Amino acid sequence: MQKFYLPKELTKFTVKFTARNIILFTLTFLLTITPSTFAKQPENSVSLSLNHPQTIKSLATQPQQLLHKGEALYQTQRFTEAITVLEQALSIYKRENNPLGQAAVLTNLSLVYQQLGSWKEANTNVNNSLQLLGWDTKSQNVNSKKLNVNHPKYEVWKILAQTLDIRAGLLLKQGKPDVSLQISQQAEQIWKKLDDSLGVMGSRINQAQALRVAGFYRRSLNILKETSENLQAQPNSRVKVTALRTLGNTHQQLGNLEESQKILQQSLEIAQALQLSEEIALTEFSLGNTFRSLGKGDKEKLIAINHYKNAALFASSSLTKIKAQINQLSLLVDDEERTAEAKKLVSAIQSQLFKLPVNQAGIYAHINFARTITKIANKKDIVRILVKTIQQAQTIGDKRAESYALGSLGEVYEENSQWQEARDLTRKALLLTQKNNASDIAYLWEWQLGRLLKAEGNIPAAISAYDSAVATLDSLRTDLAAVNREVQFNFRDRIEPIYRQSVELLLQEKGEEKPDLDKVRQRIEALQLAELDNYFREACLNNQFVVLDEFVDRDNPETGIFYPIILDNRLEIILKLPNKEELIHKTNLVNTQQLEQLIEQMQQKIFQPDEINKFKEASIQLYKLLIAPVETELKNSKVKTLVFIPDGSLGNIPMAALYDGKEYLVQKYAIAISPGLQLFTPKSLTRQKLNALLGGLSIIPKGENFAPLPNVNQELASIEKSGISTLKLYNERFRSDVLKKEINAKPFQVVHLATHGQFSSNPNETFILAADKRIKVAELDNLLKSRVEKRTEPIELLVLSACETATGDKRAALGLAGVALSAGARSTLASLWQIGDKSTAYFIDEFYRQLMDEKTTAEALQKAQLKLLKNDEYSLPRYWAPYVLVGNWL
C-alpha cells in the first residue's frame, strides 16, 4: 500500500464539531435573533447609567470604524481577525473613558469568543460589559415604562438587551439552563420596554431552549407556539424571514421536525415573494437539514438533496453554496447508484473550495469536504486538503479547527495502515483539545488513539484510551444530548462503536481476575443510557436508582440477571445469579448477520400460523445461543425469575417464546426486562386499596388508519370487577387533557390504557392514541410526570395493552424503553405487537386476577401467559408471547 508523508513544516505540530455533524449542519446556529448582529455603539451622546445619568463623550470616528470592520469580519467568520480589531477599538474607548463604547465592544468580543468555543474569555467579556452597564443580573428589575427610539437612554437599554441575550445563549451552551432562562426573561422585559417585538421573540426563543434543556418540554413548546403566532402578525420582511428560519431551526434542534418543516416552508415562501436570493438559499439549506433529520427513507433523502441543490442555486455567498453542495454530496456518497453524480459534484466543489477566504467557516468547509469524499476520492488528494487546512487554522490561530483537521488527517493515515504517523497526529490533535478545554471533540481522538493502539497490539493502552473516551462522553451527557444541535452526535457512526469496541477489548484482557466482567456490564449499561439520551435528545436518567445486583442478593434471591451482548461475529453471555459474587461468562461464535436473520425470522414467522415450524426453528437456534450455554447453572440455582437486559435487536423479540424443542422459556421462568443494571427503586405492589385509572378507545378518531377495538370495554370491565378501585375514561372521555387532569386528582397506583400505540426508534413515531390526538412519547413524559408536581408517588404499574413495534424497525425496543421511562412507572406491561382484542381481554382478566392473588408482577404475567398457552384457541405464541414487562418485576 502506498504511503503518505507529511511536509516537513508539519512535523513540529505540537471544535466544537463531531466528525459527521459538520457535514449535517451549518457551522453556527445562533440561539437568538438578536446576537446574530453586533451590539452597535450609537454615534450620538447618550447617558450610560441606567439609574444615574452620566454624560459621556461622542464616539470618535476611528473606534466606530473599527466596530464596523469587526462586524464585517465576524459576519464572514474571520473570528481571530475580528478579535484583533475589536481589541483596538476597546483600547481607544478606554483612553477616552467611554464606558458605553467599552461595553459594546466587550459584548461583541464575547460573541466572537463563543464562536471559537473559548468559554472563559466569552464569560469574562460579557460579565465585564454588564458591569460597565451597571447591571446586576440577580436583583435588577426593569420598569415597564416604554422608551421611544429618540429617548437618550434608548441605545443604552438596547445594548443591554443584546448583551443579556448573548449571555443567556452562552450559559445555555455551558449547560446552565436555569440561569439562562432567568437572564432571557430579563432581556425580554427590556425588549418590551423598547417596544421591540422581534427582540422579545428572540428572547422567548432562548427561553424555550432553556426550558427544554431543563426538562420542561410542554412549557417550551407553548412558548414556541406563541412565538410562531406572534410572527404571523408581523409584516413580511427580511427580518421576518430570518426570525422564522431561526424558529424553524430551533424546532429542528428540539426534534420537532414536522413543525420545523412547516415554519421553514413559510420562511421560504416569504423569501421567494420578496425575491431575497440569499435568504432563499439559507432557508432551503435549513429545510434540507430538517428532511435529513427525518431519516425515514429514500423519499426524505431525495427531498433533502433537492433542497440542498436549491440552496446552492440561489446562494449569493460562495460559502453558503459550498456548504449546501457538501451536504448534498454527503448524501450522494452513501448511495452506490449515484457515485457518478457524486464525483461530478466533487469536481464542482473543488473548483471553488480554495477560493474561500481563510476563516473558520472556510476551514470547516475544507475539513467537511475532505471527510465526505473518503469513500470516492484518492487519499493523497484528501491528505493535501487537510494539510492545507491545518496550515490555515494555524494562520488564524483557531486551535479547535487545527485539532479537528489534525485528527481527521490522522484518520486518513489510520485507514492507510500507517500507524505511527496516525498515532502522532492523533496525539497532537488530542493535546490541543486538552489545552483548549475542547472535551466535546476530545472523545473522537481518544477513540481514534484506542483503535490505533489496538491495531499495534497494545491492548492495555488501548483499553485506557477507550476508558478515557467513555469517561469524556459521560461528562458531556447533558451538552451532547440537549444543548447544541451542532454537537448532536451521529449515534450509529460515532458513539455506539466506542462502547462496543471497548467491550471487545475488555473481554480480550488476560491475567488474574480478567476479563473484568463487571466493568463489561457497566460499559454496556453506559451504551444503553447514551442510546436513550440520544433518543430523547436530553440526559433522561437522572433519578435516584438502586443497583440491581444489590437488590436481588438482598431482597429477591430467586432472580437471575441475564446480559446478552452482541459484538462483531460473536454473542457474549453474562449471567448474575443471586448471592453469587462470581459472574458466569459464556461466548458463542456466531456471524452477526446470521444472528440478526434469526431474530428477524422469529419476529416475522410468529404471526403466521402456517409458518409455526419455521418460527420454532429460529426460536430453537436462539435458545441454543442464549439460554443453553448457562442452562445447568440456572437449574442448579433454583432461580424462578429471569431479568433480561437485552442488547440491540434482541429487545424486539419476546424472550418468553424462546423454545428448547419441548418447552418455551415462559414454562420455566417468569420473565422481565430492565433497561440497565440500575432500577427505579423496586417495591412490591400494595394490593390493599389498589386503585387504577383506566383509559380506552374502541372507536378510531378521524384520520387514523387503525382497526377498531370492540372488546376494549370488556377488557376494562374485567379490571373493574377484579376488586380494584377504578376511574374509567372511555372513548370520547379518553382525551389527553382529561387524562392529565384525572391523573393529578388521585394517587393512582395503576394506569391501564387499552388503545392503539406504536413503539419506534424515532420518538416522533412513538405514541399512544387518544380520542383527540396521538400522544407522543415526549408529551407522555410531560403528561404522566406532571403528577410529580402534586404527588410524590410514582405510578406502580403502567399497562399498554394494544401497542405494537414499528414494522421493520430493528431498534423499536428503544420506543418501549422510552415510554417506560417517560411514564416514570416502576413497571410497564406492554405488547410488542397487536393481537385480537378478544384474546387481550382474556389475558388481562387473568393477569389482574393473579396480581390480586399476591403474585409478583412477573409471576402474574407468567401465569396469564400460561393460561393462554394451555387454551387451544390461544396456544400459539402469537397470542401470549407479545406481552413484556419492563422494570420492576415484584
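Residues numbered from 1 in each chain as written. Predicted model: local features only at pLDDT ≥ 70, side-chain atom pairs only at ≥ 80, totals over all residues. Heavy atoms only, no water.

Trainee: Honestly, the side chain of Ser403 in this entry has me stumped. Any pointers?
Mentor: With respect to the helices, strands and loops of the structure, Ser403 is situated in helix 18 (residues 399–415). Look at Ser403 and you get buried, because its relative accessible area is 0%. If sequence neighbours within four positions are ignored, Ser403 has contacts with Ala429, Leu432, Thr433, Ile441 and Trp445. (Helix = DSSP H or I, 4+ residues; strand = E, 2+ residues; numbered from the N terminus. Buried < 20%, exposed > 50% of the residue type's maximum accessible area, 1.4 Å probe, protein only. Contact = heavy atoms within 4.5 Å.)

Trainee: Help me out: how do you make sense of unusual backbone geometry in this one?
Mentor: Phi is mostly negative for residues that are not glycine, and the peptide bonds are mostly trans. The step from Lys514 to Pro515 runs through a cis peptide bond, and the omega angle for that step is -5°. Tracing the backbone shows Pro515 in the loop between helix 24 (496–508) and helix 25 (517–536). If you check the backbone angles, Asn731 has positive phi at about 50° while not being a glycine. Relative to the elements of secondary structure, Asn731 occurs in the loop between strand 9 (725–730) and helix 31 (736–745).

Trainee: Could you clarify how one ought to interpret the pattern of salt bridges in this entry?
Mentor: Where charged atoms of side chains with opposite charge meet at close range, the side chains can pair. Here the structure, examined in full by the defined rule, presents 41 salt bridges. Across the salt bridge formed by Glu188 and Arg204, the nearest N and O atoms sit 3.8 Å from each other. Of the two residues, Glu188 is situated in helix 7 (residues 177–193) and Arg204 in helix 8 (residues 197–214); the sequence distance between them amounts to 16 residues. Classification of Glu188 as buried rests on a relative accessible area of 8%. In this structure Arg204 comes out as buried when scored by relative accessible area, which is 14%. As a salt-bridge pair, Arg384 and Asp381 come within 2.7 Å of each other at their nearest N and O atoms. Here the residue Arg384 and the residue Asp381 both occupy positions in helix 17 (residues 379–396), the gap between them amounting to 3 residues, near one helical turn. Residue class for Asp381 comes out partly exposed when judged on its relative accessible area of 30%. One connected set of salt bridges, linked through shared partners, spans Glu496, Arg500, Glu531, Asp647 and Arg811. (Salt bridge = Lys/Arg side-chain N within 4 Å of Asp/Glu carboxyl O.)

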